[in-house]
Amino acid sequence: QAQLVESGGGLVQVGGSLRLSCVASGRTFSNYIVGWFRQAPGKEREFLAAISWNGVSTDYVDSVKDRFTISRNNTKNTVWLQMNSLKPEDTAVYYCAADGTRRWLPRIRREWDLWGQGTQVTVSS
């Protein structure tokens, strides 16, 4: 079973940028679709972006599609989420998720098999 570890979170000012990383270990990562979710205090975990196993297809929720970019490098077993023009409402714990059986990009949390432990992103105004 693959394991996912996120990093790159931190404190940033409004309008700033962060790049989150999700590194997989334990299995051939290139066979997995990967997604990013976030969860703010008192709110449901929400889908942000996803990328196909070969990086050709991506999907974004409307609220981030002009500011966030998901990418991957299978030789490094890594998926990134580049986040620009950050806003206070982007403050949340960010999670990467992966699935080795699907070839479409689901937005529903329960359709993802593997999860990382999360990394905190705080945007200060």
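Attention in this report is confined to the structure presented alongside it. (Residues numbered from 1 in each chain as written. Predicted model: local features only at pLDDT ≥ 70, side-chain atom pairs only at ≥ 80, totals over all residues. Heavy atoms only, no water.)

Some points on the pattern of salt bridges
Argument step 1. Under the criterion given, the structure shown has 6 salt bridges.
Argument step 2. A salt bridge links arginine 107 to aspartate 59; the shortest N-O distance between them is 2.8 Å. With arginine 107 in the loop between β9 (92–99) and β10 (114–115) and aspartate 59 in strand β6 (residues 58–60), this pair connects stretches of sequence that are 48 residues apart.
Argument step 3. For arginine 107, a relative accessible area of 42% translates into the label partly exposed.
Argument step 4. As a salt-bridge pair, aspartate 90 and arginine 67 come within 2.7 Å of each other at their nearest N and O atoms. Placement of the pair is aspartate 90 in the loop between β8 (78–83) and β9 and arginine 67 in the loop between β6 and β7 (68–73), with a sequence separation of 23 residues. Accessibility assignment for this pair places aspartate 90 and arginine 67 in one class, buried.
Argument step 5. Taken together, the shared-partner salt bridges in this structure form one network comprising Arg38, Glu46, Arg67 and Asp90. (Salt bridge = Lys/Arg side-chain N within 4 Å of Asp/Glu carboxyl O. Helix = DSSP H or I, 4+ residues; strand = E, 2+ residues; numbered from the N terminus. Buried < 20%, exposed > 50% of the residue type's maximum accessible area, 1.4 Å probe, protein only.)

Topic: the state of the cysteines
Argument step 1. Throughout the structure, instances matching the rule amount to 1 disulfide.
Argument step 2. Residue pairing for cysteine 22: its cysteine sulfur links by disulfide to cysteine 96, the two sulfurs lying 2.1 Å apart. Sign of the S-S torsion, about 60° for the bond between cysteine 22 and cysteine 96, identifies this disulfide as right-handed. One end of the pair, cysteine 22, is in strand β3 (residues 18–25); the other, cysteine 96, is in strand β9, and 74 residues separate them in sequence. (Disulfide = S-S within 2.5 Å.)

Structural notes on the environment of asparagine 73
Argument step 1. Mapped onto the secondary structure, asparagine 73 falls in strand β7.
Argument step 2. The partly exposed category is assigned to asparagine 73, whose relative accessible area is 23%.
Argument step 3. A sequence separation of 19 residues divides asparagine 73 from asparagine 54, and the C-alpha atoms of the two residues are 8.9 Å apart.
Argument step 4. If sequence neighbours within four positions are ignored, asparagine 73 has contacts with Thr78 and Trp80. (Contact = heavy atoms within 4.5 Å.)

So, the packing of aromatic side chains
Argument step 1. Within this structure, the stated rule accounts for 5 aromatic pairs.
Argument step 2. Residues phenylalanine 37 and phenylalanine 47 carry aromatic rings whose centres are separated by 5.6 Å and whose planes lie at 80° to one another, so their mutual orientation is edge-to-face. Within this pair, whereas phenylalanine 37 is found in strand β4 (residues 33–39), its partner phenylalanine 47 is found in strand β5 (residues 46–51), the two being separated by 10 residues in sequence.
Argument step 3. Judged by relative accessible area, phenylalanine 37 falls into the buried class, the value being 1%.
Argument step 4. Ring pairs connect the aromatic residues Phe37, Phe47, Tyr95, Trp112 and Trp115, which therefore count as one cluster.
Argument step 5. Taking the ring centre of tryptophan 115 as reference, the NZ or CZ of arginine 45 above it sits at 5.0 Å.
Argument step 6. Above the face of the tryptophan 115 ring, arginine 109 is positioned so that its terminal group lies 5.9 Å from the ring centre. (Phe/Tyr/Trp six-rings, centres within 6.5 Å; stacked < 30°, edge-to-face > 60°. Lys NZ or Arg CZ within 6 Å of the ring centre and 35° of its normal.)

Interpretation note: all reported values are geometric properties and have no functional meaning in isolation.
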